[in-house]
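# A closer look at the structure
This is what each chain is made of:
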Amino acid sequence: MLPAPWEQHCCLPLLPSADILELTRYPVGSYLSVNVGYAPHSTADALALVRQFRRDAAATPWFRLVESFADTLADGMIALAFDLEDSGPLAGDLDNVSVFHDLGVRSLLPTYNHANAAGCGCLDTEDTGLTAYGRDLVRTLNEVGVFADGSHCSARTGLDIATTTSVPMIYSHSNFAALWAHPRNITDDQARACAETGGVIGINGVGIFLGRNKPEGRTARVEAMADHIVYGAELVGIEHIGIGSDFSFDGAQFNAEIAANPGNFSEDYTRWGPLQWTPPEDLLGENEVPGLDTVLARRGFTEAEIAAVFRDNFARVARQVWRR
């Protein structure tokens, strides 16, 4: 039986009007990490958003806000935590890591696509890796108990995270460049370095990162996710592969965000048309599209291996990284 998924990264609109109940499209027992800010957001912006999401979640019977690992075992509820897709909302103050941690942030990217005070992003033409501040940030994340996440970072920055961290790092929502050469996808060297820390790479379901961005390509996107899982399992071992679908619960709003803030993205995000995603219903086989578990079983994965990808691998590293 397929376990309720550990979804290491998905996105509501970064607006106070976002509907938290959209997340109930995942089954009870799921763990969800929901983005609460990225490069353009100030500390005040991100704090306001995470507090709004917490209030909205607490006002329903569906969610358990994650304070400790025990809260991820949310029988009859959905365990809800948060992530920051850039260190910009910290405003250069490492004490803010603890502030956001106390509000449920359990994963943080040093950079989002482009260079900042912490390091370089995946769309930068020059790659000098983590800065001294970025290394201090990784050490602070280790101390507080927050995943250091290499997604959206440059190759050198990702490799530097691996050599700086004292606990497993992750790539919450990154695919393999060897299968599709998008700058957002990671190299084999990055994947191996992550695995050497004990970490996990979450495969995403975004069309432009899979090479399957046609609106009618839903089955193709699930099959492509399986391709990346197979590749990763062969490269670093099945114990280092998970899921971070990067699903946006308002795709039109996300595409509008790209259009409104082109400096945070690049032509690599827009040349194939509006982004297409793999929704949780397709991922879990609740629509006419064969679910990822079915596709993986057809490719020879055992029930235990599928459970490891869907939940157990990220759960294992959370036990190691989180401080409570």
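Conventions used here
Residues numbered from 1 in each chain as written. Predicted model: local features only at pLDDT ≥ 70, side-chain atom pairs only at ≥ 80, totals over all residues. Heavy atoms only, no water. Pairing = 2+ DSSP bridges. Helix = DSSP H or I, 4+ residues; strand = E, 2+ residues; numbered from the N terminus. Axes fitted to C-alpha atoms, helices over the stretch in contact; angles between N-to-C directions. Left-handed = near helix turned anticlockwise from the far one by under 90°. Contact = heavy atoms within 4.5 Å. Nonpolar A, V, L, I, M, F, W, Y, C, P; charged D, E, K, R; others polar. Salt bridge = Lys/Arg side-chain N within 4 Å of Asp/Glu carboxyl O. Phe/Tyr/Trp six-rings, centres within 6.5 Å; stacked < 30°, edge-to-face > 60°. Buried < 20%, exposed > 50% of the residue type's maximum accessible area, 1.4 Å probe, protein only. Patch = residues over 30% accessible without salt bridge, like charges linked within 9 Å, V, L, I, M, F, W, Y side chains within 5 Å. Areas by Shrake-Rupley, 256 points an atom, 1.4 Å probe, with all protein chains shown as cover. Core = buried A, V, L, I, M, F, W, Y, C linked by side-chain atoms within 4.5 Å.

Another aspect to go through is the sheet that holds strand β7 (residues 170–171). Spatially, three strands are ordered β7-β8-β9 in an open sheet, and the strand pairing comes out parallel. Looking along the sheet, the strands with just one partner apiece sit at the ends: β7 and β9 (241–243). Pairing between strand β8 (residues 200–203) and β9: three bridges, direction parallel. Looking across to β9, one finds that Gly202 is bridged to Gly242.

So, on to the packing of helix α5 (residues 188–196) against helix α7 (residues 218–236). In contact at an axis separation of 10 Å, α5 and α7 are set at 60 degrees when each is read in the N-to-C sense. In this structure, α5 crosses over α7, and the sense of that crossing is right-handed. Contact residues: α5 offers Asp188, Ala191, Arg192 and Ala195, while α7 offers Tyr231, Leu235 and Val236. The residue inventory of the contact of α5 with α7, partitioned by class, reads five nonpolar, no polar and two charged.

Scanning all chains against the criterion turns up 14 salt bridges. Among the ionic pairs, Arg271 bridges to Asp268, the shortest N-O distance being 3.2 Å. The structure contains a network of salt bridges with shared partners spanning Glu223, Asp227, Arg298 and Arg299.

This part covers the packing of aromatic side chains. What the rule picks out here adds up to 16 aromatic pairs. Look at Phe176 and Tyr231: their rings are 5.4 Å apart centre to centre, the planes differ by 55 degrees, and that puts the pair in the tilted class. Residue Phe176 is found in the loop between β7 and α5, and its partner Tyr231 is found in helix α7; the two are separated by 55 residues along the sequence. The class of Phe176 is buried, set by a relative accessible area of 0%. Three or more aromatic residues joined by ring pairs make a cluster, and in this case those are Trp6, Tyr31, Phe69, Phe147 and Trp322.

Let us now look at unusual backbone geometry. The phi dihedral of Ala91 is positive, around 55 degrees, even though this residue is not glycine. Tracing the backbone through its elements, the reader meets Ala91 in the loop between β4 (78–85) and α2 (95–102). In the Ramachandran plot, Asn113 falls in the positive-phi region, its phi being about 70 degrees despite a non-glycine side chain.

Time to look at a nonpolar patch on the surface. A cluster of nonpolar side chains, Leu21, Val28 and Trp62, forms an exposed patch at the surface whose accessible area comes to about 270 Å². Among the secondary structure elements, Leu21 is positioned in the loop between β1 (6–11) and β2 (31–38). A relative accessible area of 40% places Leu21 in the partly exposed class.

Of all hydrophobic cores here, the largest spans 86 residues; its most connected members are Leu23, Leu80 and Leu292. At seven residues, the largest contribution of residues to this core is made by α7. For Leu23, the residues in contact, after removing those within four places along its chain, are Cys10, Leu12, Leu32, Val34, Phe63, Ile78, Leu80 and Phe249. One finds Ala79, Phe147, Val167 and Val317 within the second-largest nonpolar core, a separate group that totals 17 residues.

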